[in-house]
Amino acid sequence: MRRPVIAGNWKMFKTVAQAEALAEAVCQGASGDVDVVMAPPFTALSAVAQVLKGSRVGLAGQNMHHETEGAFTGEVSPAMLKDVGCSHVILGHSERRQLFGETDEGVARKTGAALAHGLTPIVCVGETLAEREGARTMEVVERQVERALRGLSADQVAALLVAYEPVWAIGTGRTATPDQAQEVHAFIRKHVSGSHGAPAAAALRILYGGSVKPDNIGALMAQADLDGALVGGASLEAFSFLKIVHYPPDVR
Ligand code: PEP
């Protein structure tokens, strides 16, 4: 049994005070049978860590550098994320790949570094609309997964999270259908079974991301290979995020 994970990516939203209020509300409403993770902006990590102290809710950075320290102006290291109280880190989000030149190799370096520092990576993969329309979805997703996980042990792969986020579904209100998502999730699991063995593939939790809302989470989570969601817009309000966290129990 894979324990479901619902993670909220707050992107570049929320002042410290707003972040504390949202974290407090989510923390109070989060249930025990789903892993809940929040990814505030760097500026609010410390304050949110204080709010989450003693709870089971995880804290994630939205990105990091692969080095532990050094002359890298504007960057944050895995050791710094760990020090501030993070348990997770989002890596290779499509906004980082598209807007900030993140490469498969960079994501791979960061994934290894996160694991070495005891952070759980949430490795994002997903095709653009042009790639989907060109029937290249599986080729693109396979390349991204293969490069990110290359060189990791089966145990490391079993412990991390992969988020399948079709780029055309992020922030667009256009969600992948449950069948479309399931097809790619099953493909990723099959690929990981080949690369790292069946036990690692069976343990790997694969999240779906892309316009997840309270009204579509149930149908998505009913799919066999969907183990949770990475939520952007709907994670910015406690009411909608908690509705997603408390998705219908009959599909659990
Ligand atoms: C995301 O940013 O990871 C995301 C899935 O955003 P949204 O839910 O707004 O589509």
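Residues numbered from 1 in each chain as written. Predicted model: local features only at pLDDT ≥ 70, side-chain atom pairs only at ≥ 80, totals over all residues. Heavy atoms only, no water.

Draft legend 1. Representation of the overall build of the protein chain. When you go through the protein chain residue by residue, the secondary structure sums to 12 helices and eight strands. Scaling as 2.2 N^0.38, a compact globule of 252 residues should have a C-alpha radius of gyration of about 18 Å, and the protein chain matches this with 17 Å. In terms of its C-alpha atoms, the protein chain occupies a principal-axis envelope of roughly 45 × 45 × 35 Å. Burial statistics for the protein chain: of 252 residues in total, 52% are counted as buried. Sequence-distant contacts in the protein chain: of pairs separated by 6 or more residues, those separated by 24 or more amount to 71%. If you sum the accessible surface of the protein chain, you get close to 10900 Å²; carbon and sulfur atoms cover 54% of it. Within the protein chain, one finds 23 positive and 27 negative side-chain charges whose respective centroids are separated by 1 Å. (Helix = DSSP H or I, 4+ residues; strand = E, 2+ residues; numbered from the N terminus. Rg over C-alpha atoms; globule rule 2.2 N^0.38 Å. Buried < 20%, exposed > 50% of the residue type's maximum accessible area, 1.4 Å probe, protein only. Contact = heavy atoms within 4.5 Å. Areas by Shrake-Rupley, 256 points an atom, 1.4 Å probe, with all protein chains shown as cover. Lys, Arg positive; Asp, Glu negative; His and termini not counted. Charge placed at Lys NZ, Arg CZ, Asp CG, Glu CD.)

Draft legend 2. Fine view of unusual backbone geometry. Even without glycine at this site, Ala-135 takes up a positive phi of about 60 degrees. If you trace the backbone, Ala-135 turns up in the loop between helix 6 (129-133) and helix 7 (137-149).

Draft legend 3. Layout of the pairing of strand 6 (residues 161-164). Side chains of strand 6 alternate between two faces, with Leu-161 and Ala-163 and Val-162 and Tyr-164 buried alike. Pairing of strand 5 (residues 120-125) with strand 6, which is carried by four bridges, proceeds in the parallel orientation. When the bridges of strand 6 are listed, Ile-122 appears paired with Leu-161. Pairing geometry for strand 6 and strand 7 (residues 205-209), over four bridges, is parallel. (Pairing = 2+ DSSP bridges.)

Draft legend 4. Summary view of the side chain of Thr-111. Within the fold, Thr-111 resides in helix 5 (residues 104-116). Excluding its chain neighbours within four sequence positions, the residues that come into contact with Thr-111 are Leu-91, Pro-121, Val-123, Ala-148, Leu-152 and Leu-160.

Draft legend 5. Region of the structure containing the site of the ligand. Residues in close proximity to the ligand total 14 residues, the closest being Lys-11, Glu-165, Gly-171, Ser-211 and Gly-232. Here an oxygen atom of the ligand sits 2.6 Å away from a polar atom, N or O, in the main chain of Gly-171. For the ligand, an oxygen atom lies 2.8 Å from a polar atom in the backbone of Gly-232. Notes on the ligand: free accessible area 300 Å², of which the protein chains cover 97%. Grouping the constituent residues of the shell around the ligand by class yields four nonpolar, eight polar and two charged. (Near = heavy atom within 4 Å. Polar contact = N/O pair within 3.5 Å; in protein donor to acceptor, adjacent residues only side chain to side chain. Nonpolar A, V, L, I, M, F, W, Y, C, P; charged D, E, K, R; others polar.)

Draft legend 6. Quick look at the packing of helix 1 (residues 16-29) against helix 2 (residues 42-52). Between helix 1 and helix 2, the least distance of the axes is 9 Å, while the angle of their chain directions is 35 degrees. The two elements helix 1 and helix 2 cross, and the hand of that crossing is right-handed. Contact with helix 1, carried on its side by Val-16, Ala-19, Glu-20, Ala-23, Glu-24 and Cys-27, involves Thr-43, Ala-44, Ala-47, Val-48, Val-51 and Leu-52 of helix 2 and no other residues of that element. Per-class residue counts for the contact of helix 1 with helix 2 are nine nonpolar, one polar and two charged. (Axes fitted to C-alpha atoms, helices over the stretch in contact; angles between N-to-C directions. Left-handed = near helix turned anticlockwise from the far one by under 90°.)

Draft legend 7. Highlighting the pattern of salt bridges. One pass over the structure, following the stated rule, counts 16 salt bridges. One network of salt bridges, with partners in common, ties together Arg-97, Asp-104, Glu-105, Arg-143 and Arg-147. (Salt bridge = Lys/Arg side-chain N within 4 Å of Asp/Glu carboxyl O.)

Draft legend 8. Broad picture of the packing of helix 1 against helix 12 (residues 238-245). Following both chains from N to C, one finds helix 1 and helix 12 inclined at 30 degrees, their axes separated by 10 Å at the closest point. Our classification of the angle between helix 1 and helix 12 gives roughly parallel. Of the two elements, helix 1 crosses helix 12, and the hand of that crossing is right-handed. Across from Leu-22, Ala-25, Val-26 and Gly-29 in helix 1, the residues of helix 12 making contact are Ala-238, Phe-241 and Leu-242. Here the contact of helix 1 with helix 12 is composed, by residue class, of six nonpolar, one polar and no charged. (Parallel < 35°, antiparallel > 145°, perpendicular 65-115°, else oblique.)

Draft legend 9. Fine view of the sheet that holds strand 7. Taken in spatial order, the eight strands close into a barrel running 1-2-3-4-5-6-7-8, and their pairing is parallel. Taking each pair of neighbouring strands and ignoring which way they run, the sheet shows an average axis angle of 25 degrees. Pairing analysis gives five bridges linking strand 1 (residues 5-9) to strand 2 (residues 35-39), with the strands arranged parallel. In the strand pairing of strand 2, Gly-8 is matched with Met-38. Together, strand 2 and strand 3 (58-61) form the strand contacts of helix 2, whose direction differs from that of strand 3 by roughly 170 degrees. Packing against the sheet, helix 7 makes contact with strand 5 and strand 6, and its axis sits at approximately 155 degrees to strand 5.

Draft legend 10. View of the nonpolar core. Counting residues in each nonpolar core, the largest one holds 65 residues, and the members touching the most others are Ile-6, Ile-188 and Tyr-208. Setting aside residues up to four positions removed in sequence, Tyr-208 forms contacts with Tyr-164, Pro-166, Ala-169, Thr-175, Ala-176, Ala-181, His-185, Leu-220, Leu-226, Gly-228, Ala-229 and Leu-230. Within the second largest apolar cluster, 12 residues are counted, among which are Ala-7, Ala-39, Ala-60 and Ile-90. (Core = buried A, V, L, I, M, F, W, Y, C linked by side-chain atoms within 4.5 Å.)

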